[in-house]
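What follows is each chain in one-letter form.
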Amino acid sequence: GIAALNDDGRTEFVQPTKGICHDIICRDGLLITAEGGAGAAVYRPNGNRLCELARIEFGAANPVRELVDCGRSIAAQIGSVTVRTLRLSGTTLETVGEAMHFGMLYHRHIARTPAGPYPIVLSLSHGPELLTDDGELKQTGLRLGLETCPIEEGACGFRGGLILIFNRNYYFLPEPKRI
């Protein structure tokens, strides 16, 4: 479920959800949740409760594990190798384009901050990869190409560049297209 907290950190109310709530983002005054095998759902706050407005499901074998607002699109991690583009259209979620497949994605492997205009996916088998977002997330083929350990290493955008944690070192690439 979802627990709403006040400014003091006390629970105001708890909203049951259809699935386990793995992630939640806020967009256009609505809450969008990643609820595992129960898909992704859209909720509108209404006093001391949330009203479910829409849900999109991909089946129990394809759980929604992470959501990242990329600006024009929402990146949704589906299962452990797939990222799909979601679009919030009014109060409805819809998929856009084809599913993108990466090496292993465990948990929280879509960076919350882009590298300039590029959302970043960090897979175990190929390292960070830059995507484009023109309303549909697409793979650019720009990737580090090294096996990384997402528990110890990572990537995020910073001031238009890309910060990498790799082999116990921090690296800053001011021009991420040069991966």
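For the structure, check the block above.
Residues numbered from 1 in each chain as written. Predicted model: local features only at pLDDT ≥ 70, side-chain atom pairs only at ≥ 80, totals over all residues. Heavy atoms only, no water.

A. Spatial organisation of the side chain of Thr17. Among the structural elements, Thr17 can be located in the loop between strand 2 (11-15) and strand 3 (23-27). A distance of 3.5 Å separates a polar side-chain atom of Thr17 from the backbone nitrogen of Gly1. Reaching out from Thr17, the side chain makes a polar contact with the backbone oxygen of Gly19 at a distance of 2.6 Å. Among all residues touching Thr17, those that are not within four sequence positions of it are Gly1, Ile2, Glu35 and Tyr43. (Helix = DSSP H or I, 4+ residues; strand = E, 2+ residues; numbered from the N terminus. Polar contact = N/O pair within 3.5 Å; in protein donor to acceptor, adjacent residues only side chain to side chain. Contact = heavy atoms within 4.5 Å.)

B. Broad picture of the sheet that holds strand 15 (residues 161-166). With antiparallel pairing, the three strands of this open sheet are ordered in space as 14-15-16. Two strands close off the open sheet at either side, each with one partner strand: strand 14 (154-158) and strand 16 (169-173). Across the sheet, the axes of successive neighbouring strands diverge by a mean angle of 20°, strand direction being ignored. Relative to strand 16, strand 15 runs antiparallel, the two sharing five bridges. (Pairing = 2+ DSSP bridges. Axes fitted to C-alpha atoms, helices over the stretch in contact; angles between N-to-C directions.)

C. Region of the structure containing the sheet that holds strand 6 (residues 50-56). Here we have four strands laid out as an open sheet, ordered 3-4-5-6, and antiparallel in their pairing. Each edge of the open sheet carries a strand with a single partner, namely strand 3 and strand 6. When the angles between neighbouring strand axes are averaged without regard to direction, this sheet yields 25°. Two elements, strand 4 (residues 30-34) and strand 5 (residues 40-45), share four bridges in a ladder whose sense is antiparallel. In the sheet register, Leu31 faces strand 5, and the bridge partner there is Tyr43.

D. The arrangement of the packing of aromatic side chains in detail. Counted by the stated rule, this structure contains one aromatic pair. Aromatic pair Phe158 and Phe172: ring centres 6.3 Å apart, planes at 75°, arrangement edge-to-face. Here the residue Phe158 occupies a position in strand 14, and Phe172 occupies one in strand 16, the gap between them amounting to 14 residues. Classification of Phe158 by relative accessible area gives partly exposed; the value is 38%. (Phe/Tyr/Trp six-rings, centres within 6.5 Å; stacked < 30°, edge-to-face > 60°. Buried < 20%, exposed > 50% of the residue type's maximum accessible area, 1.4 Å probe, protein only.)

E. The arrangement of unusual backbone geometry in detail. Positioned with a positive phi, Asp28 is a non-glycine residue whose angle comes to about 55°. Turning to its location among the elements, Asp28 is positioned in the loop between strand 3 and strand 4. Despite not being glycine, Arg159 shows a phi value in the positive range, around 50°. With respect to the helices, strands and loops of the structure, Arg159 is situated in the loop between strand 14 and strand 15. Judged by its relative accessible area of 76%, Arg159 is exposed.

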